[in-house]
Amino acid sequence: AVMAFRQICIVLPKDAAEEKQGAETTESSWNAQQLELLHPLFRRLVQDMLLMDFWAQQCCIDLLMRYCRLFFASPDKTSQEGEEGATGGTSEDFLAFLKNLKLLLFSASKGVTLAAAVALCYLAPTEEISCVAMPLMRCLRQATPEASITLLSAVAPLVEARPELFRAMIREFFIQSFDPPEMKRLKLKVIEMLVDDTNVQMVLRELQVYVSWHSQPDFVALAVRSIAQVALKMTSVADACLRGLVKMLDSKCEALSCEAVVSLRALLQRRQSSKESGLGSVLPHLVTYLEDLSAATARASVVWMIGHYQQEVARLAPDVLRRLAKGFAAEKQEVKQQIVVLGLKVWAFHFFNARGEVAVKDAVQATKEAGSKGAAPLKVSPDESAQLLPRLEAIVEHISTLASFDASWDVRDTARALKSIKESAKAAVDSGGKSALEQMGLWYCRACISGAPPLDAAGVDASEKADDPLQKAAIDSTWMIGSLAQALDFPLESYRPLPPWAEENSSDELRKVKEISAEKAREAAPKSISSSTVGNVSHMEQRVQLPSNINNMPVVQSLEDLDLFYSEAPAPALSVPPASRQAPGATLEQMRLAGPLPTAPTLGTAVFGEDDESDEAEDDDDDDDWKYCQQAVPSQAPPPSEPAEPVPPPRVERVPDPAPPAPPA
């Protein structure tokens, strides 16, 4: 019944008539109208939920969870109002449901355990969610590989919201070599969320082991990416991770070296704003490995880093551009696009530096940092930029010409657009930027040499956003945890999102069962269970008074008569007064077995053919009844009948004896 109610009132879509009538109503209000039918049944469902089978328990948990969201206020909000002195509090019915959910965490079914844990995470107060950690880990240990993926995908949002609950069990998420690829990806994601100062060294040692699995290149790339994420999260190990990523560039595994470059790019982009970013020492090392890198993604990442942080290697960037221009025709498409962008950035830097328009504040700060470390200043003087500018003009023009005739239309369009921006910037410097195109070109070239971090729509550095603790404590999941939509990453037609919390608790009087008096219950009780006797009140009463259709009941005047009924001894003849003798009616058995009724006095009446309601187990008494009948009915000769015609004896033909054999000759 619970499964059918959930299917009808929640899963099935609204009818066309209901959609026309309630076009203005929301989905949650429509669900509230359907679930209002559960008001008098809520307490009974909460009690009987523990006695249902596994499938019904999951449906009942989902049904009651939606009911609680629609008719109860958030317990966290209720506790805050209670601290402020407001009246009210958490409903007793709501607390009873949470209590039974905690009992279902120890169910033998992994689906029921997951459903109860998800319901507690959505309904219970924040301080009571800690009870779901151990049951979920028990399910992960006992689940099959196929079920473990579904369980782990449901656990991941809980780990992200409350990592302190699972941090002590981080070893449970370490990866085995035989785990499925999806399981490995999910475990790496969980490890990244659980890392902190207490276990970061252990996690890095485990990730170094994963990096050595060269037979699984896809997983190796994911492990390197996890190292970069750990370095971004924990600044205390950022330098060690940076040195390790640089060493990975020497690896013969192409996937490892390629992903190491991409991870270095992300790590350097985050460390750019810090005083000890290490860009000046890492970028020359990357240029050295540029010739040995064969993966297009790795080469494109190195070229991008040199162009974006060229102020750190201002003397090295023009030489890198010269070497890349020689083999431009043999590069991949994504590398060609980055080379074209690098040419514009290097030209723009030296063009404005020759005119003395490079930001003085950045130059002075870089010179002070280099002098404090005992190294030579990395900045290029305006005179040096003026000497390099003609050669850079020729190199950039050569690269633009080659790119404008490339087979890829992306490369052609990029080259033509950047060439137009370059010409507009030069014209804007000479004429003052009268047209909109010239102003745009001038702004773009100045932005290329700034090396500023990416900004969001509000103009804030996206890489340094502080995490909101309130938002982090909430469960962040696109789909409902544990649903099929979360496993597939897209919803089906039967998917229904979880409704929001109600503003206030509904009255407990709505869920109180109405008590009916005994007299009304007796009057309302059905008199018959047959469809043919609906409305026939007297049928059941008559059936109770006359339990069977037996007319000839046994005549028993004393206990001796009753003993005689069950006795096997022959019954003695009783002297009955003639006046009290009555001829009982003939029964079917007497008519069939003994012929006409005798005139002898009746000693008793045996009951044959009792109705179907008698006990069928008393089969052993049949012989006693038959013996009593033989004693009760005297033996009587059968009535004379007409003599039958004599039957002639059968005729037997005599077969002659065979002749004796002839004597031998």
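Structure: see above.
Predicted model only: the values in this text are computed from it and were never measured. (Residues numbered from 1 in each chain as written. Predicted model: local features only at pLDDT ≥ 70, side-chain atom pairs only at ≥ 80, totals over all residues. Heavy atoms only, no water.)

Novice: Any chance you could break down the overall build of the protein chain for me, citing the residues and the numbers?
Specialist: The helix and strand inventory of the protein chain stands at 30 helices and 0 strands. Residues classed as buried in the protein chain amount to 38% of the 665 residues present. The long-range share in the protein chain, meaning contacts at least 24 apart out of those at least 6 apart in sequence, stands at 70%. With the model as given, the accessible surface of the protein chain reaches about 40200 Å², and the carbon-plus-sulfur share is 55%. (Helix = DSSP H or I, 4+ residues; strand = E, 2+ residues; numbered from the N terminus. Buried < 20%, exposed > 50% of the residue type's maximum accessible area, 1.4 Å probe, protein only. Contact = heavy atoms within 4.5 Å. Areas by Shrake-Rupley, 256 points an atom, 1.4 Å probe, with all protein chains shown as cover.)

Novice: I'd love a proper account of the packing of aromatic side chains, names of residues and values included.
Specialist: We describe a pair of aromatic rings using the distance from one ring centre to the other and the angle between the two ring planes. Taken as a whole, this structure holds 14 aromatic pairs when the rule is applied. On the basis of an interplanar angle of 70° and a centroid distance of 6.2 Å, the ring pair of Tyr-67 and Phe-72 is categorised as edge-to-face. We classify Tyr-67 as buried; its relative accessible area is 0%. When the centroid spacing of 5.4 Å and the interplanar angle of 45° are considered together, the rings of Phe-72 and Phe-94 count as tilted. Remark: Phe-94 occurs in helix H7 (residues 92-104) and Phe-72 occurs in the loop between helix H5 (54-71) and helix H6 (75-83); sequence separation between them is 22 residues. The two residues Phe-72 and Phe-94 agree in class, both being buried. (Phe/Tyr/Trp six-rings, centres within 6.5 Å; stacked < 30°, edge-to-face > 60°.)

Novice: Could you give an account of unusual backbone geometry, naming the residues involved and the relevant values?
Specialist: Of note in the backbone geometry, Asp-489 takes a positive phi value of approximately 65° without being a glycine. Structurally, Asp-489 can be placed in the loop between helix H25 (484-488) and helix H26 (518-524).

Novice: Explain the nonpolar core residue by residue, including any values.
Specialist: By size, the foremost hydrophobic cluster in this structure holds 162 residues, and its most contacted members are Leu-35, Phe-97, Phe-166, Leu-286 and Met-305. In contact with Leu-35, other than residues within four places in its own chain, are Phe-5, Ile-10, Leu-63, Arg-66, Tyr-67, Leu-70 and Phe-71. (Core = buried A, V, L, I, M, F, W, Y, C linked by side-chain atoms within 4.5 Å.)

Novice: Which residues make up the side chain of Ser-153, and what values go with them?
Specialist: Tracing the chain through its elements places Ser-153 in helix H10 (residues 145-161). Of note is the side chain of Ser-153, whose polar atom sits 2.7 Å from the backbone oxygen of Thr-150. The contacts of Ser-153, once residues within four sequence positions are left out, are Leu-186 and Gln-486. (Polar contact = N/O pair within 3.5 Å; in protein donor to acceptor, adjacent residues only side chain to side chain.)

Novice: Give a detailed account of the pattern of salt bridges, specifying residues and quantitative values.
Specialist: Counted under the stated rule, the structure contains 18 salt bridges. In this structure, Glu-331 and Arg-299 form a salt bridge, with 2.9 Å as the shortest nitrogen-oxygen distance. Placement of Glu-331 in the loop between helix H18 (317-326) and helix H19 (333-354) and of Arg-299 in helix H17 (residues 296-308) is noted, with a sequence separation of 32 residues between them. Judged by relative accessible area, Glu-331 falls into the buried class, the value being 16%. Arg-299 sits in the buried class, given a relative accessible area of 12%. Across the pair Lys-336 and Asp-406 runs a salt bridge whose closest N-O atoms are separated by 2.6 Å. (Salt bridge = Lys/Arg side-chain N within 4 Å of Asp/Glu carboxyl O.)

Novice: Help me get a handle on helix H22 (residues 409-431), residues and values and all.
Specialist: The end-to-end C-alpha separation of H22 is 33 Å, in line with the 33 Å expected for 23 residues at 1.5 Å each. Residues Val-411, Ala-415, Leu-418, Ile-421, Lys-422, Ser-424, Ala-425, Ala-428 and Val-429 constitute the buried set of H22. Looking at the packing, one finds that the buried side of H22 touches H19, helix H21 (382-404) and helix H23 (436-448). Gly-432 sits one or two positions beyond H22 and adopts a positive phi of about 100°. (Expected span 1.5 Å × (residues − 1).)

Novice: Explain empty space enclosed by the protein residue by residue, including any values.
Specialist: Applying the stated criterion across every chain yields a total of 2 cavities of 30 Å³ or more. In terms of lining residues, the largest cavity is bounded by Ile-339, Val-340, Gly-343, Leu-344, Val-396, Glu-397, Ile-399, Ser-400, Leu-418, Lys-419 and Lys-422. Residue assignment for the lining of the largest cavity shows that the elements contributing at least two residues are H19, H21 and H22. When the residues that make up the lining of the largest cavity are grouped by side-chain class, the tally is 6 nonpolar, 2 polar and 3 charged. Quantified by volume, the second largest cavity comes out at close to 30 Å³. If you go around the second largest cavity, the residues you meet are Val-303, Trp-304, Gly-307, Gln-338, Val-341, Leu-342 and Lys-345. Secondary structure elements with two or more residues in the lining of the second largest cavity: H17 and H19. Among the elements that line the lining of the second largest cavity, the one with the most residues is H19, at 4 residues. Tallied by class, the residues present in the lining of the second largest cavity amount to 4 nonpolar, 2 polar and 1 charged. (1 Å grid on protein atoms, 1.4 Å probe; cavity = no way out; pocket = protein on both sides within 12 Å on 5 of 7 lines; lining within 4 Å. Points joined across faces, edges and corners; volume = space filled by probe spheres on them. Nonpolar A, V, L, I, M, F, W, Y, C, P; charged D, E, K, R; others polar.)

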